[in-house]
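Descriptive analysis of the structure
One letter stands for each residue in the lines below.
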Amino acid sequence: MTGAGPERLGRPRLHLRETDSTNERARALAAAGAPHGTLVTAGVQTAGRGRQGRRWEAAPGDALLCSLVLRRAGELLSLRAGLAVADVAGHDARVKWPNDVLVAGRKVAGVLVEARPQDGWAVLGIGVNLAAAPAVEGAAGLGRTDLEAALGELLAALERRLAEPGATTLTALRERDALLGQAVTWDGGSGVGDGIEPGGGLRVRPADGEVVVLSAGEVHLARPG
Ligand code: BTN
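Since the structure is predicted, the reported quantities are computational estimates derived from the model, not experimental observations. (Residues numbered from 1 in each chain as written. Predicted model: local features only at pLDDT ≥ 70, side-chain atom pairs only at ≥ 80, totals over all residues. Heavy atoms only, no water.)

1. Comments concerning the overall build of the protein
Spelled out, the test is: Secondary structure counts use DSSP, requiring at least four H or I residues in a row for a helix and at least two E residues in a row for a strand, with both numbered from the N terminus. C-alpha atoms define the radius of gyration in this analysis, and the globule rule sets the expected value at 2.2 Å times the number of residues to the power 0.38. The rule is simple: take the accessible area with a 1.4 Å probe, protein chains only, and divide by the maximum for that residue type; under 20% is buried, over 50% is exposed, in between is partly exposed. Any two residues whose heavy atoms approach within 4.5 Å at even a single point are treated as in contact.
For the protein, the count of helices and strands is 4 helices and 12 strands. The C-alpha radius of gyration of the protein comes to 17 Å, within 12% of the 17 Å expected for a compact globule of 225 residues. The buried share of the protein, taken over its 225 residues, is 49%. Across the protein, every contact between residues at least 6 apart in sequence was considered, and the portion connecting residues at least 24 apart equals 64%.

And the structure:
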């Protein structure tokens, strides 16, 4: 999708007062042929999903819960999504690779991409905990209007980030890299965050000095906050 200019996201839109998971609903719509940019939002999820098989919990009214059907996702999708959320969350927001968004060291948003390349779609799910994210523009009152304002900003940021060259995304991501120079652990090792590779992988430097590039999985800050 990059290079072709921003594509409108958010239409058609299905808003559900309560659902199991907006990702689950968006997947069903994608499988049924929904177009690029289709948006599912919900007030409450009863079975919200997180990465690594975890649950995603959010109190009613406190969170922006949304999933987009994308048919032209391009490279670096999950990194671009985390960065777009950070754009909206303000100057102090950082991205903890690959796409957790932190404000003042606290996770305020998560991204879950579920893709079926063989069927030509990806679902991009984003949960933003507005109560924990005072920097999110328009979120202070937490009323529906404010949720809608935050959603509008998020969609606009996503449109920009999904359309820009990958190198622009990576430069912006490096400026917001929560792990740079920080002690980290991952499944199989520990070391110090050493930046983000051109392909989007995370560079980490173990004590023996040989840089390792992680392309998937979870990384934990050894001293969070
Ligand atoms: C994570 O950090 O583990 C990712 C969390 C993603 C949560 C969002 S909320 C909207 C969408 N629907 C889901 O079931 N999950 C994502």
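2. Focus: the pairing of strand β3 (residues 63-70)
Selection rule: For two strands to pair, DSSP has to find at least two bridges joining them.
Burial analysis of β3 places 8 of its 8 residues in the buried class, which makes it a mostly covered element. Of the two faces of β3, the one carrying Ala 63, Leu 65, Ser 67 and Val 69 and the one carrying Leu 64, Cys 66, Leu 68 and Leu 70 are both buried. Taken together, the 8 bridges between β3 and strand β7 (residues 121-129) define a ladder with antiparallel strand orientation. Each residue of the ladder has a partner; that of Leu 64, found in β7, is Val 128.

3. Looking at the site of the ligand
This is how the line gets drawn: Near, as used in this document, describes a residue that has one of its heavy atoms within 4 Å of the molecule or strand being considered. Polar contact is the term for a pair of N or O atoms within 3.5 Å; when the atoms are in protein, one must be able to donate a hydrogen and the other to accept it, and sequence-neighboring residues count only if both atoms are side-chain atoms. Surface accessibility in these figures is a Shrake-Rupley result with a 1.4 Å probe; residues are shielded only by whichever protein chains are displayed. Nonpolar residues are Ala, Val, Leu, Ile, Met, Phe, Trp, Tyr, Cys and Pro. Charged residues are Asp, Glu, Lys and Arg, and all others, Gly as well, are polar.
The local shell around the ligand holds 21 residues, among which Ser 21, Gln 45, Arg 49, Arg 51 and Lys 107 are the closest. Here Lys 107 contributes a side-chain N or O atom positioned 2.6 Å from an oxygen atom of the ligand. Here the ligand, which alone exposes 410 Å², has 99% of that area covered by the protein. Of all the secondary-structure elements, those providing two or more residues to the shell around the ligand are α1 (22-31), β3, β6 (106-116) and β7. If you tally residues by element for the shell around the ligand, the top one is β6, at 4 residues. The residue makeup of the shell around the ligand, split by class, is 6 nonpolar, 10 polar and 5 charged.

4. Notes on the environment of Leu 29
Within the fold, Leu 29 resides in helix α1. When the C-alpha atoms of Leu 29 and Val 95 are compared, they prove to be 29 Å apart, with 66 residues separating the residues in sequence. Those residues within four positions of Leu 29 in sequence are excluded, and the remaining contacts are Leu 14, Ala 34, Thr 38 and Val 40.

5. Considering the sheet that holds strand β4 (residues 94-96)
Put simply, the test is: Throughout, an axis means a line fitted to C-alpha atoms (over the contacting stretch in the case of helices), and angles, computed between N-to-C directions, take values from 0 to 180 degrees.
Spatially, the 7 strands line up as an open sheet ordered β1-β2-β3-β7-β6-β5-β4, and their pairing is mixed. Each having just a single partner strand, β1 (13-19) and β4 make up the two edges of the open sheet. Averaged over all adjacent pairs, the angle separating strand axes in this sheet is 20°, with direction ignored. On the sheet, α1 packs against β1, β2 (39-45), β3, β6 and β7 and is oriented at approximately 160° with respect to β7.

6. With respect to the pairing of strand β9 (residues 189-196)
When strand β8 (residues 183-186) meets β9, the two strands line up antiparallel, connected through 4 bridges. Following the sheet pairing, Val 184 is matched in β9 by Gly 191. In sequence, β8 turns back onto β9 through a hairpin of 2 residues, with Gly 188 there showing a positive phi of about 115°. Bridge count between β9 and strand β10 (residues 202-205): 3 bridges; the pairing is antiparallel. Along β10, the bridge assignment pairs Ile 196 with Leu 202.

7. Some remarks on the side chain of Arg 161
Tracing the sequence through the fold places Arg 161 in helix α3 (residues 144-163). Residue Arg 161 is classed as buried on the basis of its relative accessible area of 13%. At a separation of 2.9 Å, a polar atom in the side chain of Arg 161 contacts the side chain of Glu 164.

8. Re the sheet that holds strand β12 (residues 219-221)
Taken together, 5 strands build an open sheet; the order of strands is β11-β10-β9-β8-β12 and the sheet is antiparallel. Both outer strands of the open sheet, β11 (212-214) and β12, are each paired with one neighbouring strand and no more. Across the sheet, the axes of successive neighbouring strands diverge by a mean angle of 45°, strand direction being ignored. Bridge count between β8 and β12: 3 bridges; the pairing is antiparallel. Within the sheet, the bridge partner assigned to Trp 186 lies in β12 and is Val 219.

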